[in-house]
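# Working through the structure, step by step
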Protein chains: 2
Amino acid sequence: MSQAPAISPTREKDFPEWYQQVVRAADLAENSEVRGCMVIKPWGYGLWENIQRQLDVKFKETGHVNAYFPLLIPLSYLEKEAQHAEGFATECAVVTHHRLEVQKQPDGTTKMIPTGKLEEPFVIRPTSETIIGAAFARWVQSYRDLPLLINQWANVMRWEMRPRLFLRTAEFLWQEGHTAHETAAEAIDETKLMHKVYADFLRNHLAIPVIPGAKTENERFPGAVDTYTVEAMVQDRKAIQAGTSHYLGTNFSKAANIQFLGRDNTKQLAHTTSWGVSTRLIGTLIMAHGDDDGVIIPPRVAPHQIVILPVTPKADTRQEVIDSCEALAKTLRTQTFHGEPLRVHVDKRDLQGGAKNWEWIKKGVPLRLEMGPRDITSRTVAVCRRDQGPKAKDFIPKEELIRDITEKLQDIQDALLKRATEMRDANMKKLDTLDEFKAFFAEGGPGGFALMHWAGSNEEEDKIAKDMKITIRCIPISDEFVEEGKCFLTGKPSSRRVVFARSY
Amino acid sequence: MSQAPAISPTREKDFPEWYQQVVRAADLAENSEVRGCMVIKPWGYGLWENIQRQLDVKFKETGHVNAYFPLLIPLSYLEKEAQHAEGFATECAVVTHHRLEVQKQPDGTTKMIPTGKLEEPFVIRPTSETIIGAAFARWVQSYRDLPLLINQWANVMRWEMRPRLFLRTAEFLWQEGHTAHETAAEAIDETKLMHKVYADFLRNHLAIPVIPGAKTENERFPGAVDTYTVEAMVQDRKAIQAGTSHYLGTNFSKAANIQFLGRDNTKQLAHTTSWGVSTRLIGTLIMAHGDDDGVIIPPRVAPHQIVILPVTPKADTRQEVIDSCEALAKTLRTQTFHGEPLRVHVDKRDLQGGAKNWEWIKKGVPLRLEMGPRDITSRTVAVCRRDQGPKAKDFIPKEELIRDITEKLQDIQDALLKRATEMRDANMKKLDTLDEFKAFFAEGGPGGFALMHWAGSNEEEDKIAKDMKITIRCIPISDEFVEEGKCFLTGKPSSRRVVFARSY
């Protein structure tokens, strides 16, 4: 019996629309009536909580502490760093008033009129370099105050014209690391360290293989000396910039006046960095792992790693089955997976079994376990792996399942990474000529990551971006990409291939 | 040798100024250049992270899940619930534009001008009943969709005219629970349950005894049918409202149209609740437990519960001492206190010992341990309890310390609660006449919580608030306050005493 996919359209048919439908079917988020702002629903937020907690451990292991800085940024702060300001200025929420006047209307309703005009307007932070820089300037006097290693978990706003749930929303949640150092070398080490933390997190927690690399000058963060990125390929073969780490040189410390008395007794400017990942990771995860039945969440970050579905065909055995399921859940919860207690949910709702089952398939729970009266007698459990399709079902002795449960979760985690890696590798091609490049990205062409020799100018890079909507995603740091050759556009010598792709 | 207090002025001399100085000396937070908005520094944020994590466990144990809703609220949402709007409308940050135009000035600097006027302005959420109500209206169709038990961790803004760090800031961090129920009875149970969660949390985690009770109509949350509060007394004998839980009846569901098809097949309005605590808890904690040497943080929520200070008089034994301290920290970290691994920090900075010691005293670390070369030989540790003053020091055999460490932390936790309870009870008086009431609150009078019989009108209550700055903090729920008597103002019969006090 063939089963129609739960999501319509399929990925093949219309990937962007498939994405919207998966987000809805998995109950991850929805659009609000506030343009471009999403509501992150409990299932999506649970995923974010896991990402947040696990990343936070890594930040603390690398010596960072959390703090919190104001939501509002005075315009004068933005004006101090012109290049930065221009990069963000065009799409900000601007606060101009601090009071509302309540006006009763003749029909009994209420109107509210903004009053209390501010002398200096504020923007809602699109990123916090300027406001955190102002605090750092107060905190740093001597080289002994350095390094400052701070992270903030926060909401930020950028007035996006074409919002898309998780991938590009006006308001989003993120973390932004901000550090200040005595020397350029230390700041560059920090930038690279956090870049590696991101690459490892994507790979080991989200099961997404990324290509870590540097951005070209054209693609850098406004005001940065160097931007490092982790680029993921998703199933329509486009790239997603999943996280960035910036070496800011002394550009921001100059603007904010982060000065310190150095070891040599001279006044010096601190070298700063910033780095961030956001709820965009959730969009990347969906596009990387989802199938035509919904999302597939890697076990390490799944809100429920295991859902137990009691099979209760008869009223008189219902309670017994539920008790057995609860007992199994309790046993499983005593085990840990990567240091965290197993997250096991028993779905006791009195709904039709097929409906419940499909709900968890669409939500991407890694493992579904079914137990009914016969399974209790035979001491077996029906085990369904989400990554093996809706019909995958193994009957496994209960004791064996309990013994092997974390191994099974790791198998799923590994299988997702393997599948995503194979997908990426199959769609990453070394090309040498402009014709090959054009054919690769032509409509109906294979598409993906084109590994190209490049020695063009910024203007030539820009022209490709404008004409073909293809950008250099990164200059990979891995030695695998080192190779003598000639730029596919200019013929100039090049010693390393870069990654070109279309992107979100 | 007597030691001058580390904080000037003392609590006795000028409590409000003492508070500001403690916050500064403990490096908890500071004012930013954005009026009324604070920077929460790492030590203060670490405290908030512990409060947040521990409360979150309690919310989840009581069946709630987290989600996230937009920062911006359309004015039209506020206009729907007039009473609510009027309660919040006067002090909101209003977003009116969504773009900035960068203007290069002749002198090379940059000016930024707000452009892109919005058709409908937004306010930055002062609280989220209206925007979450709009989401609930989409989510609820049938009684089967209820209850909805949601919590949000978020930042909110209220344009405060007289800000004070933690206690009253324009932006603050909080959690807001929002739930929708089928019946009034269920919603009232939820309101009371969360009220109890708060009272227990304050008592057991923050070591602050509170008086749980209902607000009078005058003091209710705008739009609420009933507001429950937990009222703490701090050391200047004023009250702080530390958390509130509101039964909103159908007021908000009517405004937002949260309707469902009931069991009887009729359309019904959901009954909703909301409840919240904020970074104000940190201000309450400081004012409840601090002394003239700084803050004292209860062990359960302290960012470091234990700081180990290596005593290194000679260079040649320095490394050995540090290694011993690290080894002790490692051993201690294997133990748990209330289910969380012990938070132990070794302060290895090459600073003068006295300076380091005083830093941790001011920051309120519950236990300081000192180890030097002689202690290593004698296998003892010098143990300093923060709650027993700066000179308290016991020499304890290391093995005994390791064995008893969690007991010692619990002793400190209990001692803080006991001290705060005694302080409160000593300053809580049953009074019966207006003269007694006036004398109690007169300048130079004892002040504190006046337990009064009350049967006055809302207008009479208002007049006391205006004339004397004294309000009814709550109508306590405990039976201890049940007693026949006569209102001290009107002489009308009353069957329960209420709490009058000055407050923050």
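Per an unreviewed UniProt entry, chain A carries the name Proline--tRNA ligase and comes from Brevifollis gellanilyticus. The UniProt entry for chain A carries the following comment under Subunit (unreviewed entry): "Homodimer." The UniProt entry for chain A carries the following comment under Sequence similarities (unreviewed entry): "Belongs to the class-II aminoacyl-tRNA synthetase family. ProS type 3 subfamily."

Residues and elements named next belong to chain B. Running from N to C, helix 9 (residues 315-333) and helix 12 (residues 398-426) point in directions that differ by 30 degrees, and their axes come no closer than 10 Å. The angle between the axes of helix 9 and helix 12 places the two elements in the roughly parallel class. Judged by the sense of rotation from one axis to the other, the crossing of helix 9 with helix 12 is right-handed. Counted together, Leu328, Thr331 and Leu332 of helix 9 and Lys398, Ile402 and Ile405 of helix 12 form the full contact between these two elements. For the contact of helix 9 with helix 12, the per-class residue count stands at 4 nonpolar, 1 polar and 1 charged.

Counting residues in each nonpolar core, the largest one holds 82 residues, and the members touching the most others are A:Leu72, A:Ile124, B:Leu72 and B:Ile124. If near-sequence neighbours (up to four positions away) are discounted, B:Leu72 is found in contact with A:Val34, A:Ile124, A:Met157, A:Trp159, B:Val95, B:Phe122, B:Val123, B:Ile124 and B:Ile131.

Residues and elements named next belong to chain A. Each assigned domain of chain A is listed here: domain 1 (15-95 + 125-289), domain 2 (299-415) and domain 3 (428-501). For domain 1 and domain 2, the distance between their C-alpha centres works out to 37 Å. Contacts between domain 1 and domain 2 engage 15 residues on the former and 12 residues on the latter. Interface area for domain 1 against domain 2, summed over the two sides, is near 1,200 Å², with a carbon-plus-sulfur share of 56%. Looking at the side of domain 1 facing domain 2, the largest losses of area belong to Trp43, Asn50 and His205, adding up to 46% of the total buried there.

The operation linking the two copies of the chain is a rotation about an axis combined with a translation along the axis. Of the transformation placing chain B onto chain A, the axial shift is 0.0 Å and the rotation is 180 degrees, giving an RMSD of 0.0 Å. Such a combination of rotation and displacement between the chain copies is what one expects of a two-fold axis. It is B:Val95 whose C-alpha, among those of chain B, lies nearest the rotation axis, at 2.1 Å. Here 100% of the interface residues in chain B have copies in chain A that are interface residues too; the copies meet face to matching face.

It is worth spelling out the sheet that holds strand 5 (residues 94-104) of chain B at this point. Spatially, 6 strands are ordered 4(A)-6(A)-5(A)-5(B)-6(B)-4(B) in an open sheet, and the strand pairing comes out antiparallel. The open sheet terminates on both sides in strands that have one partner only, identified here as strand 4 (72-74) of chain A together with strand 4 (72-74) of chain B. The mean inter-strand angle of the sheet, taken between neighbouring strand axes irrespective of direction, is 35 degrees. Two elements, strand 4 of chain A and strand 6 (residues 110-124) of chain A, share 3 bridges in a ladder whose sense is antiparallel. Across the sheet, residue A:Leu72 finds its bridge partner in strand 6 of chain A, namely A:Ile124.

The subject of this paragraph is the interface of chain B and chain A. At the junction of the two partners, chain B supplies 67 residues and chain A supplies 67 residues. At the boundary of chain B with chain A, total buried surface from both sides reaches about 5,600 Å², with 64% on carbon and sulfur atoms. Here chain B and chain A share 8 salt bridges between them. Note that B:Arg138 is salt-bridged to A:Glu30, the shortest N-O span being 2.7 Å. Counting every contact that joins chain B to chain A gives 30 residue pairs in polar contact (both at pLDDT 80 or more).

We now examine the sheet that holds strand 15 (residues 306-310) of chain A. Residue and element names in this part refer to chain A. A sheet is described by the order of its strands in space; here 5 strands give the open sequence 18-15-19-20-21, paired in mixed fashion. The open sheet has two edge strands with one neighbour each: strand 18 (344-346) and strand 21 (394-397). Across this sheet, the average inter-strand angle for adjacent strands is 30 degrees, counted without regard to direction. Pairing between strand 15 and strand 19 (residues 367-371): 5 bridges, direction parallel.

The next point concerns the pairing of strand 25 (residues 482-486) of chain B. All names here are of chain B. Note: strand 25 against strand 26 (residues 493-501), 3 bridges, orientation antiparallel. Note on strand 26: the bridge partner recorded for Val482 is Arg496. Where strand 25 folds back on strand 26, the antiparallel hairpin that results is connected by 6 residues, among which Gly491 adopts a positive phi of roughly 75 degrees.

This next bit is on the pattern of salt bridges. Residues and elements named next belong to chain B. Under the defined criterion, the tally for this structure stands at 62 salt bridges over all chains. Note that Glu483 and Arg497 form a salt bridge whose closest N and O atoms lie 2.9 Å from each other. Of this pair, Glu483 sits in strand 25 while Arg497 is found in strand 26, placing the two residues 14 residues apart along the sequence. The exposure class of Glu483 is partly exposed, given its relative accessible area of 23%. We classify Arg497 as buried; its relative accessible area is 5%.

Residues and elements named next belong to chain A. Per the counting criterion, the structure on display carries 34 aromatic pairs over all chains. Measuring from centroid to centroid gives 5.2 Å for Phe437 and Phe441, while their planes differ by 70 degrees, and the two rings are edge-to-face. You can see Phe437 and its partner Phe441 sitting in helix 13 (residues 434-441), 4 residues apart, about one turn around the helix. For Phe441, a relative accessible area of 5% translates into the label buried.

A few words on helix 13 of chain A. Residue and element names in this part refer to chain A. Every buried residue belonging to helix 13 is among Phe437, Phe440 and Phe441, and all of these are buried. In a view along the axis of helix 13, the buried residues occupy a sector of 85 degrees, so they form one face of it. The inward-facing, buried residues of helix 13 abut strand 22 (428-430), strand 23 (449-453), helix 14 (458-468) and strand 26 (493-501).

The next subject is the packing of helix 1 (residues 15-25) of chain A against helix 8 (residues 280-289) of chain A. All names here are of chain A. Here helix 1 crosses helix 8 at 115 degrees, and the two axes come no closer than 11 Å. By the angle class used here, helix 1 and helix 8 are roughly perpendicular. Judged by the twist between their axes, the crossing of helix 1 over helix 8 is right-handed. Residues Phe15, Trp18, Tyr19, Val22 and Val23 of helix 1 form the contact with helix 8, whose own contacting residues are Gly283, Ile286 and Met287. Across the contact of helix 1 with helix 8, the residue classes tally to 7 nonpolar, 1 polar and no charged.

A few words now on unusual backbone geometry. For residues other than glycine, phi is negative in most cases, and the peptide bonds are mostly trans. Following A:Leu146, the chain continues to A:Pro147 via a peptide bond in cis, the omega torsion being -5 degrees. Position of A:Pro147 among the secondary structure elements: in the loop between helix 5 (129-139) and strand 7 (148-157). A cis amide bond, omega 0 degrees, links B:Ser8 with the succeeding residue B:Pro9. Positive phi, close to 65 degrees, is recorded for B:Asn257, a residue that is not glycine. Mapped onto the elements, B:Asn257 comes out in the loop between helix 7 (251-256) and strand 12 (259-261). A relative accessible area of 45% means that B:Asn257 is categorised as partly exposed.

Residues and elements named next belong to chain B. When we look at burial in helix 1 (residues 15-25), the residues that qualify are Phe15, Trp18, Tyr19, Gln21, Val22 and Val23. Where helix 1 begins, the capping side chain belongs to Asp14, and its oxygen is found 3.2 Å from the backbone nitrogen of Glu17. Residue Asp27 follows helix 1 closely and has a positive phi angle near 60 degrees.

Working definition of a disulfide: a covalent bond connecting the sulfur atoms of two cysteines. Residue and element names in this part refer to chain A. All told, the structure shown has 0 disulfides over all chains when counted by the stated rule. With no disulfide partner, Cys474 has as its closest neighbouring cysteine sulfur the one in Cys487, 17 Å distant. Residue Cys474 is classed as buried on the basis of its relative accessible area, which comes to 0%.

Residue and element names in this part refer to chain B. Inspection of the secondary structure assignment puts His195 in helix 6 (residues 184-204). Assessed through its relative accessible area of 3%, His195 is described here as buried. The residues touching His195, leaving out its near neighbours within four places in the chain, are Pro212, Gly213, Tyr228, Thr229, Val230, Ser245 and Ile477.

Looking at the element boundaries, B:Glu171 is found in strand 8 (residues 171-181). On a C-alpha basis, the gap between B:Glu171 and B:Trp159 in space is 7.9 Å, while along the polypeptide they are 12 residues apart. B:Glu171 has contacts with A:Tyr68, A:Phe69, A:Pro70, A:Leu71, A:Arg125, B:Gly36, B:Cys37, B:Asn155, B:Val156 and B:Met157, leaving out every residue within four places of it along the chain.

Calculation notes
- Think of each chain on its own: its residues are numbered from 1, step by step along the sequence as written.
- Chain A is the first chain written and ligand 1 is the first ligand written, with later ones labelled in order.
- In keeping with the model being predicted, local features are shown solely for residues with a pLDDT of at least 70 and side-chain atom pairs are shown and tallied solely at 80 or more, while totals for entire chains, interfaces and linings include all residues.
- Side-chain calculation: all heavy atoms of the structure are included, whereas hydrogens and water are not.
- UniProt positions are given in the numbering used here, feature names are shortened, and annotations may be inferred rather than shown by experiment.
- For every element, the axis is a line fit to its C-alpha atoms; helices are fit only across the contacting stretch, and the angle between N-to-C directions ranges from 0 to 180 degrees.
- The numbering of helices and of strands both runs from the N terminus, where a helix is a DSSP run of H or I of at least 4 residues and a strand a run of E of at least 2.
- Oblique is the label for any angle not covered by the other classes, which are roughly parallel (under 35 degrees), roughly antiparallel (over 145) and roughly perpendicular (65 to 115).
- Should the near helix be turned anticlockwise from the far one by less than a right angle, the crossing is termed left-handed; should it be turned clockwise, right-handed.
- Note on definitions: a residue-residue contact is assigned when non-hydrogen atoms from the two residues lie within 4.5 Å.
- Residue classes follow a fixed rule: Ala, Val, Leu, Ile, Met, Phe, Trp, Tyr, Cys and Pro count as nonpolar, while Asp, Glu, Lys and Arg count as charged, and any other residue, Gly among them, counts as polar.
- What is meant by a nonpolar core is a set of buried Ala, Val, Leu, Ile, Met, Phe, Trp, Tyr and Cys residues, joined one to another through side-chain atoms within 4.5 Å.
- Whether a residue is buried, partly exposed or exposed follows from its accessible area with a 1.4 Å probe, protein chains only, as a fraction of its type maximum: under 20%, in between, or over 50%, in that order.
- Domain start and stop positions are those given by an automatic or database domain assignment.
- For any pair of parts, buried area is found by adding up, for both, the accessible area (1.4 Å probe) each one loses once the two are put together.
- A least-squares superposition brings the copies together, and it is based on the C-alpha atoms of residues with pLDDT no lower than 70 in both.
- A pair of strands is considered paired only if DSSP assigns at least 2 bridges between the two.
- Put simply, a salt bridge is a Lys or Arg side-chain nitrogen that is within 4 Å of an Asp or Glu carboxyl oxygen.
- Between N or O atoms, a polar contact is any pair within 3.5 Å; within protein, one atom must be a potential hydrogen donor and the other a potential acceptor, and residues adjacent in sequence are included only when both atoms are from side chains.
- Working definition: rings of Phe, Tyr and Trp (its six-membered ring) pair if their centres are within 6.5 Å, and the pair is stacked with planes under 30 degrees apart, edge-to-face with planes over 60 apart, and tilted otherwise.
- Here the arc refers to the directions that run from the helix axis out to each C-beta atom.
- Here, two cysteine sulfur atoms that lie within 2.5 Å of each other are counted as a disulfide.

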